[in-house]
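Report on the structure
Now for the letters of each chain:
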Amino acid sequence: MNLAPRTPTYAGIETSRWPLPETGRRVILPQKLVDEMAANPLCRDCLPHGVGYYPRAAGHRMGRRNPRDHLLIYCLSGAGVARREGRRQAVQAGDVLLLREGERHSYCADRHEPWSIYWAHLGGHAVARFFDEIAAGHDDFVVPVGLHPRLTEDLNLLLTVADRFKSQHFVYAANLLQSILSFMALVHHQHRDRGAALDIDRVQAWLQAHLHERIDLDELVAATSTISRYHFIREYRRQTGQTPMQAFQRLKISRACYLLDITDWNVGEIASDLGYDDPYYFSRLFKKVMGVPPRDYRREHQAG
């Protein structure tokens, strides 16, 4: 694999030139904020420099000769390939790719099944130790951790919080990042292939990654299982007590509650972030699930 052309750096980051689609997200932290937080004892040992989500990233590729920070890539679906210091490894859904500061590396999405990934550039003295914990007992830089809704949800939250560019949000983002790394280390040791007819963790992780989109059931079935639509619905209901689309709706409302709590976005902005074109429809749906409309929910929680 040839190294991609070098790109401008910001906060020590070399980002790829992959064109970001509407459903993709990319947040690069301002250098001034990173420098300020590097002196903060609450977060200086593990800092996010940039975070992103690239869905179905056809043509995505990048190479770095002497990276100035660490990079983590979590693959949700599809496949890719990576090289680190000349060693090549395949990447598939449920793998985390650990690329360390100063180590020459390159990677690209598979041509036929391009990956969907979360990524985070990281700095701080503790990052290497977190990477060691994730890869413990595994002599590779691509580590299988499995597909977990907790990881997808937290990476989504990390993107949202990092985008605020305020010091109090940054402290939370840095500690959320440490939680993500710790969870990856935990589940790596518990990772195993599941023999059940339907892997609920895989389904939930996929749903979490697509909260910003409109999806249909056939798309969900095809992306997360090899069973028929009928058996998918039946097995999902058996394991969770609800249908897949009911679950997706509730996940969206749960995220809406979180955004109402931590941001000053208006209802229209939150609805748009969750894939709803009509804020009035979203408000009615929110009230149906939560018992109060979004504005009342925010007012009550702020008052509390």
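This is a predicted model, so every value here is computed, not measured. Starting afresh in each chain, residues are numbered from 1 along the sequence in its written order. Restriction of local features to residues with pLDDT of at least 70 applies here, the model being predicted, together with a cutoff of 80 or more for giving and counting side-chain atom pairs; totals for whole chains, interfaces and linings are based on all residues. Only hydrogens and water are set aside; all other atoms, that is, all heavy atoms of the structure, feed into the side-chain values.

1. Side note on helix 6 (residues 217-224)
One full turn of an α-helix is made of 3.6 residues, so residues set three or four places apart face in the same direction. Applied cut-off: Relative accessibility thresholds used throughout: buried, under 20% of the residue-type maximum; exposed, over 50%; partly exposed, between the two (1.4 Å probe, protein chains only). Strands are runs of DSSP state E lasting at least 2 residues, helices are runs of H or I lasting at least 4, and numbering of each runs from the N terminus. The reported arc concerns the directions from the helix axis to the C-beta atoms and nothing else. Only heavy atoms enter the contact rule, under which two residues are in contact if any of them lie within 4.5 Å. Contacts described as polar in this section are N or O atom pairs within 3.5 Å, which, within protein, must combine one atom able to donate a hydrogen with one able to accept it, while residues neighboring in sequence count only if both atoms come from side chains.
Every buried residue of helix 6 is listed here: Leu217, Leu220, Val221 and Thr224. End-on, the buried residues of helix 6 take up no more than an arc of 95 degrees, which puts them together on one face. Residues of helix 6 that are buried in the fold lie against helix 5 (200-209), helix 7 (229-240) and helix 8 (244-262). At the N-terminal boundary of helix 6, the capping side chain belongs to Asp216, with an oxygen 3.3 Å from the backbone nitrogen of Asp218.

2. Some remarks on the environment of Arg250
Within the secondary structure, Arg250 sits in helix 8. Considered as a pair, Arg250 and Met290 are 40 residues apart in the sequence and their alpha carbons are 9.6 Å apart. The residues touching Arg250, leaving out its near neighbours within four places in the chain, are Gln242 and Val289.

3. Quick notes on the pattern of salt bridges
Heads up, the condition is: For this document, the term salt bridge refers to a Lys or Arg side-chain nitrogen within 4 Å of an Asp or Glu carboxyl oxygen.
Per the stated rule, a full pass over the model turns up 11 salt bridges. Of the charged contacts, one joins Arg164 and Asp264 as a salt bridge, the two residues approaching to 3.1 Å between their closest N and O atoms. Here Asp264 lies in the loop between helix 8 and helix 9 (267-273) and Arg164 lies in the loop between helix 3 (149-162) and helix 4 (167-190), a separation of 100 residues in the sequence. Given a relative accessible area of 17%, Arg164 falls into the buried group.

4. A closer look at the side chain of Gln89
Relative to the helices and strands, Gln89 is located in strand 8 (residues 87-92). One polar contact links Gln89 to Asp140, side chain to side chain, over a distance of 3.4 Å. At 3.1 Å, the side chain of Gln89 forms a polar contact with the backbone nitrogen of Phe141. Leaving out residues up to four positions away in the same chain, Gln89 has contacts with Val81, Ala82, Asp140, Phe141 and Val142.

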